[in-house]
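Structural description and commentary
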Amino acid sequence: MHFLDIDMTPQKDLRKIVDEAHAMKKARLGRSKGALDDEQPLAGQMVALIFEKPSTRTRVSFDVGVRQMGGQTMLLTGSEMQLGHGETIADTARVLSRYVDLIMIRTFEEATLLEMAEHASVPVINGLTNRTHPCQIMADIMTFEEHRGPIKGKKVVWCGDGNNVFASFAHAAKQFDFELIFTGPEPLDPQADLKGLYSIERNPSTAVMNADLVVADTWVSMHDPQSARERRHNQLRGYQVNAELLSKAKDESLFMHCLPAHRDDEATSEVMDGPHSVIFDEAENRLHAQKAVMRWCLGV
Ligand code: CP
Ligand code: NVA
C-alpha cells in the first residue's frame, strides 16, 4: 500500500497506524537509539530514501526507524541520481522496484510523487511535497494524544502560511474529527481544494481563544522563492505565536512546530522552549509514527 496522503488513506488504517506507533514507542522505552526492536518486521527489506530537497528529521528518522525494525536503507539525493539529469520518474520507479522493497520520496511537485507511485511495484511513501506532508501530521496526532488523549473534537489553530503542512492538518481534521481554524493573511490562504475542512478567522487573538493546540510553521517554505521572503514576513508578522497570543488559548494548550523553525519569526523562543511546547516530542515521534506507516505499507 502506498502512503501518499492522509486523505487517501482509510480512516481506520490511520487510527491503526497511530495506535501502533504508540505501542512501538512504549515497547522500546529506555533502549539506546541503535538498539533493535524485539520484533524485526523489516528483516530482509531494503528501503530507498530519496531526497530532492533538504531534510534533517525525515532523513534521520526514516533511516533509524528502518534499522530498528531490522531493514536496510539507501539514501539517495535527487541531483546525484539520473532522475536529476533527465531520466523519467516512471523509469526510475520501475528500476528502483527491482532493487528495493519500499520507496520514500521527498520532492517538489505532487505529480512526481503520484507518478512514482503509479509506476513503482513497491509501496511509495510521501516524505513531503510542495502540497502536503502527511508523515509529519501522523507524528503530530500521535504527540497530541500522548500528552492530552484523543484529538477528536479538539480545537486546533494554525497560525501563519496556508502551506503543505497545513494541508495535511486539514486532511487530518476530517479523518480524525477535530476542529481546525486557519488564521493568516488572505494572500497566503490554503489551497482552494481544502475548503470545507477548516474555517478561517483573520484575527489571531480571536482564533486562538480556547484552543487545545496552536501550530506554527516557517513563513517561507523550501519551495517558496527567496524573493518572496520580505513580502511574506511583512504579511505574516502579525501572526507570530508569542506568549501573549498563546495566553488566549486554554491553560493546558499545546504548541507545535514541525521544525526547522526560524526562532523569533513565526514563534518566539519563549514559546518554543516554554511549558506548552512539545516540539521535540513531535520530532521524536516522526520516528515512531513512520515506523508504523512503513509496517502498514508493507503489511508486516
Ligand atoms: N519536519 C521535517 O520534515 O523536517 P526535515 O525537513 O528536517 O525533514
Ligand atoms: N513548510 C515547510 C516544512 C518543512 C518540514 C517546507 O515545506 O519547507
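Relevant structure appears above.
Let me begin by describing the structure that accompanies this report. (Residues numbered from 1 in each chain as written. Chains lettered and ligands numbered in written order. Predicted model: local features only at pLDDT ≥ 70, side-chain atom pairs only at ≥ 80, totals over all residues. Heavy atoms only, no water.)

1. With respect to the site of ligand 1
Quick reminder of the rule: Residues are labelled near a given molecule or strand when at least one of their non-hydrogen atoms is within 4 Å of it. Pairs of N or O atoms are called polar contacts if they sit within 3.5 Å, as long as, within protein, a hydrogen donor faces a hydrogen acceptor (for residues adjacent in sequence, only side-chain-to-side-chain pairs). With residues, only the protein chains shown are counted as cover, and all accessible areas are computed by Shrake-Rupley using a 1.4 Å probe. Only Asp, Glu, Lys and Arg are considered charged, only Ala, Val, Leu, Ile, Met, Phe, Trp, Tyr, Cys and Pro nonpolar, and every remaining residue, Gly among them, polar.
Near ligand 1 the following residues occur: Ser55, Thr56, Arg57, Thr58, Arg106, His133, Gln136, Cys258, Leu259 and Arg286. Contacts to ligand 1 include Ser55, whose side-chain N or O atom sits 2.7 Å from an oxygen atom. Within the backbone of Cys258, one N or O atom sits 3.0 Å away from a nitrogen atom of ligand 1. Taking 250 Å² as the accessible area of ligand 1 by itself, protein coverage stands at 96%. A per-class count over the shell around ligand 1 returns two nonpolar, five polar and three charged.

2. Overview of the pattern of salt bridges
We count it as follows: Throughout this description, the term salt bridge denotes a Lys or Arg side-chain nitrogen within 4 Å of a carboxyl oxygen of Asp or Glu. Relative accessible area decides the class of each residue, using a 1.4 Å probe on protein chains only: under 20% of the type maximum gives buried, over 50% gives exposed, and in between gives partly exposed. A run of H or I in DSSP becomes a helix once it reaches four residues, and a run of E becomes a strand once it reaches two; helices and strands are each numbered from the N terminus.
Under the criterion given, the structure shown has 22 salt bridges. In this structure, Arg31 and Asp38 form a salt bridge, with 2.9 Å as the shortest nitrogen-oxygen distance. Among the residues examined, Asp38 registers a relative accessible area of 66% and is labelled exposed. One salt bridge in this structure joins Asp37 and Lys291, with 2.8 Å as the shortest N-O distance. On the criterion of sequence distance, the pair formed by Asp37 in the loop between α1 (11–27) and β1 (46–51) and Lys291 in helix α11 (residues 279–298) is long-range, its members being 254 residues apart.

3. As for the nonpolar core
The criterion, for reference: Buried residues of nine kinds, namely Ala, Val, Leu, Ile, Met, Phe, Trp, Tyr and Cys, make up a nonpolar core once their side-chain atoms join them within 4.5 Å. Throughout, a contact is declared for two residues whenever any of their heavy atoms are within 4.5 Å.
Core analysis: the biggest nonpolar cluster contains 53 residues, and Phe3, Ile125, Met138, Phe169, Phe176, Phe178 and Leu180 have the highest contact counts within it. Broken down by element, this core gets its largest block of residues, eight residues, from helix α6 (residues 164–176). Ignoring sequence-local partners within four residues, the contact set of Phe3 consists of Thr9, Leu14, Ile17, Val124, Ile125, Asn126, Pro134, Cys135, Met138, Val293, Trp296 and Cys297.

4. Re the packing of aromatic side chains
The line we're drawing: Stacked, tilted and edge-to-face pairs are distinguished by plane angle, under 30 degrees for stacked and over 60 for edge-to-face with tilted covering the rest, among Phe, Tyr and Trp rings (Trp via its six-membered ring) whose centres lie within 6.5 Å.
For the structure on display, the rule yields seven aromatic pairs. Measuring from centroid to centroid gives 5.4 Å for Phe166 and Phe182, while their planes differ by 70°, and the two rings are edge-to-face. Taken together, the residues span a long stretch of sequence, with Phe166 in helix α6 and Phe182 in strand β6 (residues 179–183) at a distance of 16 residues. The exposure class assigned to Phe166 is buried, which follows from its relative accessible area of 0%.

5. A word on the site of ligand 2
As a structural note, the neighbourhood of ligand 2 is formed by Leu128, Asn163, Asn164, Val165, Asp217, Thr218, Ser221, Met222 and Leu259. Contact between ligand 2 and Asn163: a nitrogen atom at 3.4 Å from a side-chain N or O atom of the residue. Between Ser221 and ligand 2, the recorded distance is 2.7 Å, taken from a side-chain N or O atom to a nitrogen atom. In isolation ligand 2 exposes 270 Å². Once the protein is present, 95% of that is buried. By residue class, the composition of the shell around ligand 2 is four nonpolar, four polar and one charged.

6. Overview of the sheet that holds strand β2 (residues 72–77)
Sheet strands pair by backbone hydrogen bonding; their relative direction is either parallel or antiparallel. Rule in force here: Paired strands, as defined in this entry, are two strands with at least two bridges between them according to DSSP. Axis definition: a line fitted to C-alpha atoms, limited for helices to the stretch in contact. Angles are taken between N-to-C directions and run from 0 to 180 degrees.
Strand order in the open sheet formed by four strands is β2-β1-β3-β4, with parallel pairing between adjacent strands. Every other strand in the sheet has two partners, leaving β2 and β4 (124–126) as the edge strands with one partner each. Put simply, the sheet's adjacent strands are angled 20° from each other on average, direction ignored. Direction of pairing for β1 relative to strand β3 (residues 102–106): parallel, over a ladder of five bridges.

7. With respect to the state of the cysteines
Operational definition: Note on disulfides: each one is a pair of cysteine sulfur atoms within 2.5 Å.
All chains considered together, the criterion is met by zero disulfides. We note that Cys135 lacks a disulfide partner, and the nearest cysteine sulfur, in Cys297, lies 8.3 Å from it. According to the relative accessible area criterion, Cys135 is buried, its value standing at 1%. Note on Cys258: no disulfide assigned, nearest cysteine sulfur contributed by Cys135 at a separation of 12 Å.

8. Quick look at the side chain of Asp217
Considering the arrangement of structural elements, one finds Asp217 in the loop between β8 (213–216) and α8 (229–236). If near-sequence neighbours (up to four positions away) are discounted, Asp217 is found in contact with Trp158, Cys159, Asn163, Asn164, Val165, His257, Cys258 and Glu266.

9. Concerning the sheet that holds strand β9 (residues 254–257)
Strand order in this open sheet of five strands is β7-β6-β5-β8-β9, and the pairing throughout is parallel. This sheet does not close on itself; its edge strands, each paired only once, are β7 (199–200) and β9. Pairing between strand β5 (residues 155–159) and β8: four bridges, direction parallel. Looking at the pairing, Val157 lines up with Val214 of β8. Against the sheet, α6 engages β5, β6 and β8, with an angle of about 155° to β6.

10. A closer look at the environment of Ala292
Examined against the element boundaries, Ala292 turns out to sit in helix α11. On a C-alpha basis, the gap between Ala292 and Asp19 in space is 8.6 Å, while along the polypeptide they are 273 residues apart. The residues touching Ala292, leaving out its near neighbours within four places in the chain, are Ile17, Glu20, Ala21 and Met24.

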